[in-house]
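Summary of structural features
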Amino acid sequence: MAFLFSRSKSRQPTEVARTLKDLLARLWQTPGSAKVNTSTRKPQLQSNLEVFSIFPLRQERIPRRYFLTSFVSDYRMPPPPAILQSFRISLTNDREILIELCNGYENSRSAMPCGSILREASKFEVVTGILLYDQSREGEPAIRLDEVQPGEPQTGEGVFWKFFQWINQGSFEVSADAFTTFREILTRHKALVAGYLATNFDLFFSTYNNVLVLSDSYVTKRQSIKLLGDLLLDRANYSVMTAYVASGDHLKLCMNLLKDDRKMVQYEGFHVFKVFVANPKKSVAVQRILINNRDRLLKFLPKFLEDRTDDDQFTDEKSFLVRQIETLPAEPVIPR
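Predicted model, so just to flag it, every value in this text is computed and none were measured. (Residues numbered from 1 in each chain as written. Predicted model: local features only at pLDDT ≥ 70, side-chain atom pairs only at ≥ 80, totals over all residues. Heavy atoms only, no water.)

A few points about the overall build of the protein chain
As a reminder, the rule being used: To qualify as a helix, a DSSP run of H or I must reach at least 4 residues; to qualify as a strand, a run of E must reach at least 2; elements of each kind are numbered from the N terminus. Only protein chains enter the calculation, and the probe is 1.4 Å; a residue is then buried if its accessible area is under 20% of its type maximum, exposed if over 50%, and partly exposed in between. Pairs of residues are marked as contacts when any of their non-hydrogen atoms sit within 4.5 Å. Computed with the Shrake-Rupley method and a 1.4 Å probe, the accessible areas treat only the protein chains shown as cover for residues.
A count of helices and strands for the protein chain gives 18 helices and zero strands. Relative to its full complement of 336 residues, the protein chain shows a buried share of 47%. Pairs at least 24 residues apart make up 69% of the contacts formed inside the protein chain by residues separated by at least 6 positions. Carbon and sulfur atoms form 51% of the exposed surface of the protein chain, whose accessible area is close to 17,700 Å².

In structure tokens form, the structure reads like this:
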């Protein structure tokens, strides 16, 4: 995949990463180490400027972007503590780099390089916090950590919310890479994300369900349902899970997924549906839907994906749900 510049011969990402690794190794050499051949410096610097060209940033930020790109491209060499500390400081002091990296998804040729850097950078909790809470407009400075107000709901206009568009409307390559980064943001720093989802529950899940779960793209739909199940079943998101499965509308959505024409969509939908049925404190709305559809569900579930004969856990879970539905009361009961 070529980068965003015109050359007679494009360089592969592996070649650029190898060059960056060699340069970074030279930076770590002690004063007594062997000297680097100066005749090779100019072409190596040019190869790094190729990477810089994917970021529409001001020229004075090139040194810091050089450090950032070199660091995250070197996957096999563990960096010294001093380099890690410098990396954190660089991200904290030049937060706009992160926003520009996200905006790399606007172009298919910059999407994957930017996404790779973002996923490495998001291993730091401070980076994920900036990506989640930044709501700056174009030309404005990105949010500082001391400006973050976790209890204040988002407007849906920050850079994080653009991922829904990039996932659902981008090309296959852009969509797949954006979703990988999106999942990384939502699953790595659990306590941070749990608080974010709780504060922005209605906006997040309304957007998530309508844009991703109901997407026309099979890949996006299937991946989004699986991620939804993973989020709900994570113990860190317990309060988020209980709020989600208390909604009758969410249950209707999941029941429709069970009737999808594609078996893997049905299968992933089942793992969300089972959370509603297994919940011992079902809301009145959820109980009412299950009671009203009891007979149909008892006929449907035993034959649901019955060709998965080698999946004993799935078979056991179906049997458990059938028993739970059979023992539902005749009328909804207010949970204690």
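From this point, things continue past the structure.
Re helix 14 (residues 248–257)
Along helix 14, seven of the ten residues are buried, which leaves the element largely enclosed by surrounding structure. Here helix 14 has its buried residues at Gly-248, His-250, Leu-251, Leu-253, Cys-254, Met-255 and Leu-257. Where helix 14 is buried, its residues touch helix 11 (201–213), helix 12 (218–233), helix 13 (238–244), helix 15 (263–278), helix 16 (284–292) and helix 17 (294–300).

Considering the pattern of salt bridges
Test applied: For this analysis, a salt bridge means a side-chain nitrogen from Lys or Arg found within 4 Å of a carboxyl oxygen belonging to Asp or Glu.
Evaluation of the coordinates by the stated rule reveals nine salt bridges. Between Lys-226 and Asp-230 there is a salt bridge, with its nearest N and O atoms 3.4 Å apart. One end of the pair is Lys-226 and the other is Asp-230, both in helix 12 and four residues apart, which spans about a single turn. Lys-226 gets classed as partly exposed once you look at its relative accessible area, which sits at 42%. Note on Asp-230: relative accessible area 40%, which makes it partly exposed. The partner of Arg-262 in a salt bridge is Asp-260, and the shortest N-O contact between them spans 2.9 Å.

A short note on the environment of Lys-259
Along the chain, Lys-259 falls in the loop between helix 14 and helix 15. Owing to a relative accessible area of 58%, Lys-259 belongs among the exposed residues under this scheme.

Examining the side chain of His-271
The following threshold applies: Whenever two N or O atoms come within 3.5 Å, that pair is a polar contact, provided that in protein one can donate a hydrogen and the other can accept it, and provided that, for residues adjacent in sequence, both atoms are side-chain atoms.
Positionally, His-271 belongs in helix 15. At 2.9 Å, the side chain of His-271 forms a polar contact with the side chain of Lys-274.

A short note on the packing of aromatic side chains
Spelled out, the test is: To pair, rings of Phe, Tyr and Trp, with the six-membered ring standing in for Trp, must have centres within 6.5 Å; the planes then decide the type, stacked if under 30 degrees apart, edge-to-face if over 60, and tilted in the middle. The rule is short: NZ of Lys or CZ of Arg within 6 Å of the ring centre and within 35 degrees of the ring normal puts a charge over the ring.
For the coordinates displayed, the defined rule picks out 27 aromatic pairs. Ring centres of Trp-161 and Phe-164 lie 5.8 Å apart, and the angle between their planes is 25°; on these two criteria the pair is classed as stacked. With relative accessibility at 8%, the residue Trp-161 sits in the buried group. For the ring pair Phe-182 and Tyr-208, a centre distance of 6.4 Å and an interplane angle of 25° mean the geometry is stacked. Within this pair, whereas Phe-182 is found in helix 9 (residues 172–187), its partner Tyr-208 is found in helix 11, the two being separated by 26 residues in sequence. Relative accessible area serves as the criterion here: at 0%, Phe-182 is assigned to the buried category. Tyr-208 sits in the buried class, given a relative accessible area of 0%. Here the guanidinium or amino end of Arg-308 rests over the ring plane of Tyr-267, the centre of that ring lying 3.8 Å away. Between Arg-308 and the ring centre of Phe-314, over which it is positioned, the NZ or CZ distance is 5.8 Å.

Points about the nonpolar core
As a rule of thumb, soluble globular proteins bury nonpolar side chains together. Cut-off, in case you're wondering: Joining through side-chain atoms within 4.5 Å is the link that ties buried Ala, Val, Leu, Ile, Met, Phe, Trp, Tyr and Cys residues into a set, and such a set is a nonpolar core. Bear in mind that the domain bounds are from an automatic or database domain assignment.
With 79 residues, the main nonpolar core has Phe-160, Phe-182, Phe-204, Tyr-244 and Phe-273 as its most contacted residues. Per element, the largest residue contribution to this core is eight residues, and it comes from helix 15. Here this core spans two domains, and each of domain 1 (80–246) and domain 2 (248–335) adds at least three residues to it. The contacts of Phe-160, once residues within four sequence positions are left out, are Leu-131, Leu-132, Phe-182, Ile-185, Leu-186, Tyr-196 and Phe-204.

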